[in-house]
Amino acid sequence: MVRDYDYDWIIIGSGFGGSVSALRLAEKGYSVAVVEVGRRFEDKDFAETTWNLRRYFWMPKLGLRGIMRMTAFKDIFIVSGSGVGGGSLGYANTLYRPRPAFYKDKQWDGLADWEVELGPHYVTAERILGVTHYRDTGPADELLREYAEETGADNTYANTQVGVHFGESGKTVSDPYFGGEGPDRTGCIKCGACMVGCRYGAKNTLVKNYLYFAEKLGVEVMPGRQVTDIQPIGPEGDGSEGYRLMTDRSGAVFRHSRKELTARGVIVSAGALGTNNLLANCKASGSLPRLSDRLGHVVRTNSESIQAVTAPDDTRDFSHSVAITSSIYPDPDTHIEVVTYGKAGDSMSRLYTIMTANGTRRTRPFKWIAAMARHPLQTLSLLNPKYWSQRTVILLVMQSVDSAMPLKPIKKRFGKGVRLQTEQDPDRPNPTFIQAAEDVAKWFAKKTGGIPQSSIAESTLNIPTTAHILGGAVVGADPESGVIDADNHVFGYENLMVCDGSAVPANPGVNPSLSITAMTERAMSKIPLAPGAEQKHLPDEARAARVAANTSAAGPPAASEPAETWTTPT
């Protein structure tokens, strides 16, 4: 039976996985649509400060349609992105390759030589995302270097690898990355507000590269729409005859403006939370009953802890830089980065409180109250958010240890469908306290005379915070061990793929955006040209790596090592 489809492929989400998929499929001659729950932003549309709640935070039912989404579970507090360009709009532009242990994690070890397989795709991702080293040294970097020297980690200190156009500060030039075929760019002014949204055109967000060229090749992006259901077409129920997607206006309470779309294939790239939630509801409703029972398992948080230290005055200005500028490894499994919101993030002070010692869910609140009682003046001073952002160093601590938790579907009390809830994995629990994080925060506080802080969820509820939720629809050898195969195809279905952070099977121990990009590049490299189509035009700089069948390459640089195998404009 010959069917008419709206598109060859529909991609759900426009983050790193979705944008890469859109470009590579369009390049191969397919008709492609991208459905994005968030809104579209021009550079001038981003919030000037985080106090502009409507433009910064994502709570659409309250009228807030910004780039920052916050989601609380009983075991983890998650920060993620929203908007056309996904997490790239508000991430800290930090692009690292993971440590060697990532490639050997038991979840996918043996399915491929991942370090070799992904090597060429990391090179492609680094080129297109414009990875370069941050070259300057600010007060936070000087402190981190001194801490590294005192703790014996000085040989691991390195400036970050970031996706930023530095050039001449504030000067707009013709595209320096793609032979003049990309958008104009402006040199970074080092305002530090990368995570608030770059208003100057210096940050290499996906709308400046992957998604920019995807739209030039005809990809249709539909902002402000949320996919609520994926239904296989035809009696076989395996997707061999395509899919029907139901979409609503995102955040709608009443006027949903429901629309139906059809496609031969679907790629789910809604981010770890969005993908797990959508697939869990499709499985529970019977739309995708063949989904593996492993859906929602092997959820990773990158084993993170986020601390802060606020200096008493402006002797040191921590805001004049990019968001993340340097890092160290105090031990092989622990990665520490210094972070800033620039001068634009004062409202984020509401997410921090006086540092609280390790404890349990029962004892931590009492320890928090005791800490406030011991330091009443410090506690009171934190109530005033003025200048908090420029006086504060945020310390992001990540670990590559084998910790995980499931996202379990629970029937909603009101309305249809299921909601997700976390549970700690009893054999490999997600840490609620990381000693290395407390140690570095206390050291920074002592050196600056500042106030050490923990996230308020960690101090009061023993719930850690992560900006890098991963897994839940991970790679596995079969449906008994994973949700997708080694090439990102969903077990039990044809032409249904998952390409985003939910596919990542292990804690990379570094910011995961580059790994999501490389994994998706590899998955797209397995898809052939559209029947009868020729490869569409792209500048050479935007092409994917040509990978030989017997790829052999030296191991990629680790997070603290320079990657000098590509040329990045400055």
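Residues numbered from 1 in each chain as written. Predicted model: local features only at pLDDT ≥ 70, side-chain atom pairs only at ≥ 80, totals over all residues. Heavy atoms only, no water.

Caption draft 1: Examining the packing of helix 1 (residues 16-27) against helix 13 (residues 513-525) more closely. Where helix 1 meets helix 13, the axes come as close as 9 Å, and the angle between the chain directions of the two elements is 30 degrees. As the angle between them shows, helix 1 and helix 13 are arranged roughly parallel. Crossing of helix 1 over helix 13 shows right-handed handedness. In contact with F16, G17, V20, S21, R24 and L25 of helix 1, helix 13 contributes S513, I516, T517, T520, E521 and M524. Its residues placed into classes, the contact of helix 1 with helix 13 shows 5 nonpolar, 5 polar and 2 charged. (Axes fitted to C-alpha atoms, helices over the stretch in contact; angles between N-to-C directions. Helix = DSSP H or I, 4+ residues; strand = E, 2+ residues; numbered from the N terminus. Parallel < 35°, antiparallel > 145°, perpendicular 65-115°, else oblique. Left-handed = near helix turned anticlockwise from the far one by under 90°. Contact = heavy atoms within 4.5 Å. Nonpolar A, V, L, I, M, F, W, Y, C, P; charged D, E, K, R; others polar.)

Caption draft 2: Summary view of the sheet that holds strand 20 (residues 352-354). Pairing within the open sheet is antiparallel, and its 7 strands lie in the order 8-18-19-21-17-24-20. Strands with a single pairing partner mark the edges of an open sheet, and in this sheet they are strand 8 (158-159) and strand 20. Alignment of strand 18 (residues 324-331) against strand 19 (residues 334-339), held across 4 bridges, turns out to be antiparallel. Bridge pairing in strand 19 links I328 to I336. Sheet strands touched by helix 5 (residues 139-151): strand 18, strand 19 and strand 21 (392-399). Its angle to strand 18, the strand with the most contacts, is close to 10 degrees. Helix-sheet contacts for helix 11 (residues 435-448) involve strand 17 (305-310), strand 19, strand 21 and strand 24 (451-455), and the interaxial angle to strand 17 is about 10 degrees. (Pairing = 2+ DSSP bridges.)

Caption draft 3: Structural context of the sheet that holds strand 25 (residues 465-466). Strand order in the open sheet formed by 3 strands is 5-6-25, and the pairing between neighbours is mixed. For this open sheet the edge positions go to strand 5 (68-72) and strand 25, each flanked by a neighbour on one side alone.

Caption draft 4: Just the side chain of T465, in detail. Following the sequence through the fold, T465 ends up in strand 25. By relative accessible area, which is 9% here, T465 ends up buried. A polar contact of 3.5 Å, which involves the side chain of T465, links it to the side chain of S455. Dropping the residues within four chain positions of it, T465 is found in contact with I76, F77, V79, E304, I306 and S455. (Buried < 20%, exposed > 50% of the residue type's maximum accessible area, 1.4 Å probe, protein only. Polar contact = N/O pair within 3.5 Å; in protein donor to acceptor, adjacent residues only side chain to side chain.)

Caption draft 5: Quick look at the confidence of the model for the protein chain. Taken residue by residue, the protein chain gives an average pLDDT of 93. The fraction at 70 or more is 95%. Counting contacts from residues 549-570, a segment whose pLDDT is below 50, to residues more than four positions away or on other chains yields 44 contacts. (pLDDT = per-residue confidence, 0-100.)

Caption draft 6: Inspection of unusual backbone geometry at higher detail. Phi angles above zero are rare outside glycine, and K190 is one such case at about 55 degrees. As for its placement among the helices and strands, K190 is situated in the loop between strand 11 (185-186) and helix 6 (210-216). Its identity as a non-glycine residue notwithstanding, N488 has a phi of 75 degrees, on the positive side. Along the chain, N488 turns up in the loop between strand 26 (470-472) and strand 27 (496-498).

Caption draft 7: View of the pattern of salt bridges. Applying the stated rule across the entire model yields 30 salt bridges. Notably, a salt bridge pairs R522 with E117, separated by 2.7 Å at the nearest N-O pair. Within this pair, whereas R522 is found in helix 13, its partner E117 is found in helix 4 (residues 114-128), the two being separated by 405 residues in sequence. Using a relative accessible area of 5% as the deciding quantity, one classes R522 as buried. Of the residues examined, E117 reaches a relative accessible area of 28% and is grouped as partly exposed. The shortest N-O distance in the salt bridge between K190 and D136 comes to 1.9 Å. Here K190 is found in the loop between strand 11 and helix 6, whereas its partner D136 is found in the loop between strand 7 (131-133) and helix 5, with 54 residues between them in sequence. Of the residues examined, K190 reaches a relative accessible area of 18% and is grouped as buried. One salt-bridge network, held together by shared partners, links D105, K106, R300, D402, D425 and R428. (Salt bridge = Lys/Arg side-chain N within 4 Å of Asp/Glu carboxyl O.)

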